[in-house]
Amino acid sequence: MNSAPEPAFTLRLHGAGGAFSRRYGTTCAELRLPDGARWLIDCGRQAPEQLHAAGVRWHDIHGQIVTHVHGDHIYGLEEFAFSRYFYDLDAVGSIRSGGPRILLVAHDAVRREVWESLASSLRYVPDLPETGMGTLESYFEPVPIVAREAPQGNPWDHAQTCVSGQLRVVLRETVHVPGKPSTSVEIALDRAGDRVAWWSGDSTVDAAFLTALEPRTSVFFHDCTFVDYPGQVHGAFAQLERLPEAVRRKMVLMHHEDDLELHRERAEALGFRVALPGDAFDLVRGVRL
Ligand SMILES: [Zn+2]
Ligand SMILES: [Zn+2]
């Protein structure tokens, strides 16, 4: 007797490079859920070209997850919002004609900054009455937060959980740029969220957290820089290479610089995998497809 197929949670990195990468492109990953819903994790400045080259249309995407507001993570959102607002495509009507808004999953401290960044173009919506101004909700449908963890040092919740259909994610604050809201994404691979795949967004290395999360994590995607400097804001390889082997063997390095090939052999010898644009992963098994 055939057993039921495994739930198909897949993640494809359309861009796999860091903020200044030309060779690997800025961050944009596509998450597919078992029911076929498609979400983007971040939407960097090169995302419109990356998605076009991959044959993905804005109207194919149900929702957007945002880790934090830096151009390499969100500067593709203006085109996403305007395309969906003004254009119909196949069965997906434009937002202005009553079509679905883009579902938005972001920590509320991040969501405020998303609008701060986009407002100067998106607030001018031609369909609103003369006195009206567009808001984030003119384009996006924020997904409600169903659970919170109390603040730890910053004035915003340490973590927030969002659920939309088969998507269940915990957005947990990371240490990226001091004082700036920024989150990682724990993607639940079962209904309870007992098994997760983890995406760092931009984060320095929190070895204790990653080690504690490892037993219930199928795969970690961590931003990585091979350049260490005072005031580090990313996953310094010098820290990543000291993680326990069990974590390293589940870890895929992404958001790296263009000199990746100089370091790749050393990283792979330690058990890390390295993400390139177009790579896709089965999140349940934690393997590259
Ligand atoms: Zn970044
Ligand atoms: Zn950043």
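Each remark here, short or long, concerns the structure printed above.
Residues numbered from 1 in each chain as written. Chains lettered and ligands numbered in written order. Predicted model: local features only at pLDDT ≥ 70, side-chain atom pairs only at ≥ 80, totals over all residues. Heavy atoms only, no water.

Draft legend 1. Region of interest: the environment of Thr225. Relative to the helices and strands, Thr225 is located in the loop between strand E12 (217-223) and helix H6 (237-240). Residue classification places Thr225 among the buried positions, given a relative accessible area of 2%. Along the chain, Thr225 and Arg32 lie 193 residues apart, while their C-alpha atoms are 27 Å from each other. A distance of 3.1 Å separates a polar side-chain atom of Thr225 from the backbone nitrogen of Val227. (Helix = DSSP H or I, 4+ residues; strand = E, 2+ residues; numbered from the N terminus. Buried < 20%, exposed > 50% of the residue type's maximum accessible area, 1.4 Å probe, protein only. Polar contact = N/O pair within 3.5 Å; in protein donor to acceptor, adjacent residues only side chain to side chain.)

Draft legend 2. Region of the structure containing the state of the cysteines. Under the counting rule described, the total for this entry stands at zero disulfides. Take Cys162: it sits in no disulfide, and the sulfur closest to it among the cysteines is that of Cys43, at 18 Å. No disulfide involves Cys224; its nearest neighbouring cysteine sulfur is the one of Cys28, lying 20 Å away. We classify Cys224 as buried; its relative accessible area is 1%. (Disulfide = S-S within 2.5 Å.)

Draft legend 3. Representation of the coordination of the zinc ion (ligand 2) within the structure. Every protein donor of the zinc ion (ligand 2) is accounted for by His68 (NE2), His70 (ND1), His176 (NE2) and Asp202 (OD), and the metal-donor separations fall at 2.1 to 2.3 Å. For the zinc ion (ligand 2), the four donor atoms in the first shell make angles of 91 to 161° at the metal, a pattern classed as irregular. A separation of 3.6 Å is found between the zinc ion (ligand 2) and the zinc ion (ligand 1), which share Asp202 as a coordinating residue. Highlighted residues: His68 in the loop between strand E4 (63-65) and helix H2 (71-74) and Asp202 in the loop between strand E11 (196-199) and helix H5 (207-213), separated in sequence by 134 residues. Residue class for Asp202 comes out buried when judged on its relative accessible area of 1%. (Donors = N, O, S within 2.8 Å, 3.2 Å for Na, K, Ca; no water. Tetrahedral: all angles 85-135°; square planar, octahedral: opposite > 155°, others 65-115°.)

Draft legend 4. Spatial organisation of the nonpolar core. Trp39, Phe221 and Leu283 are the most contacted members of the largest nonpolar core, which has 30 residues in total. No other element matches strand E9 (residues 167-173), which puts three residues into this core. Excluding anything up to four places from it in sequence, Phe221 contacts Leu11, Leu13, Trp198, Trp199, Ser200, Val252, Met254, Phe281 and Leu283. Of all hydrophobic cores here, the second largest spans 29 residues; its members include Leu40, Ile74, Leu77 and Ala106. (Core = buried A, V, L, I, M, F, W, Y, C linked by side-chain atoms within 4.5 Å. Contact = heavy atoms within 4.5 Å.)

Draft legend 5. Summary view of the coordination of the zinc ion (ligand 1). Bound to the zinc ion (ligand 1) on the protein side are Asp72 (OD), His73 (NE2), Asp202 (OD) and His255 (NE2), at distances that span 2.1 to 2.2 Å. For the zinc ion (ligand 1), the four donor atoms in the first shell make angles of 87 to 162° at the metal, so the coordination geometry reads as irregular. Between consecutive donors of the zinc ion (ligand 1), the numbers of intervening residues give the motif D-H-x128-D-x52-H. For Asp72, a relative accessible area of 4% puts it in the buried group.

Draft legend 6. Structural view of the sheet that holds strand E16 (residues 287-288). The strand order across the open sheet formed by eight strands is E6-E5-E4-E3-E2-E1-E15-E16, and the pairing between neighbours is mixed. Since the sheet does not close on itself, it has two edges, and those belong to strand E6 (140-142) and E16, each with one partner. Where strand E3 (residues 38-41) and E4 come together, three bridges link them in parallel fashion. Among the inter-strand pairings, Trp39 is bridged to a residue of E4, identified as Gly63. Taken strand by strand, helix H3 (residues 77-86) contacts E3, E4, strand E5 (102-105) and E6, and its axis lies near 145° from that of E5. (Pairing = 2+ DSSP bridges. Axes fitted to C-alpha atoms, helices over the stretch in contact; angles between N-to-C directions.)

Draft legend 7. Broad picture of unusual backbone geometry. Phi is positive for Asp90, which is not a glycine, with a value near 50°. Note on placement: Asp90 falls in the loop between H3 and E5. In this model, His255 sits at a positive phi of 55°, which is unusual for a non-glycine residue. Looking at the element boundaries, His255 is found in the loop between strand E13 (251-254) and helix H8 (260-269). For His255, a relative accessible area of 4% corresponds to the buried category.

Draft legend 8. Representation of the sheet that holds E12 within the structure. Taking strand neighbours across the sheet as the criterion, the eight strands line up as E7-E8-E9-E10-E11-E12-E13-E14 in an open arrangement whose pairing is mixed. Whereas interior strands pair on both sides, the edge strands pair on one side only; in this sheet they are strand E7 (145-149) and strand E14 (273-274). Strand direction decides the pairing type here: E11 and E12, joined by four bridges, are parallel. Each bridged residue has a counterpart across the sheet, and for Trp198 the counterpart in E12 is Phe220.

Draft legend 9. Quick peek at the layout of surface pockets. Here the largest pocket is characterised by a volume of approximately 310 Å³. Here the lining of the largest pocket is built from residues that sort into seven nonpolar, nine polar and four charged. Counted as a void, the second largest pocket has a volume near 270 Å³. Lining the second largest pocket are 16 residues, with Ala19, Phe20, His234, His255 and Glu257 sitting closest to its centre. The residue inventory of the lining of the second largest pocket, partitioned by class, reads five nonpolar, seven polar and four charged. (1 Å grid on protein atoms, 1.4 Å probe; cavity = no way out; pocket = protein on both sides within 12 Å on 5 of 7 lines; lining within 4 Å. Points joined across faces, edges and corners; volume = space filled by probe spheres on them. Nonpolar A, V, L, I, M, F, W, Y, C, P; charged D, E, K, R; others polar.)

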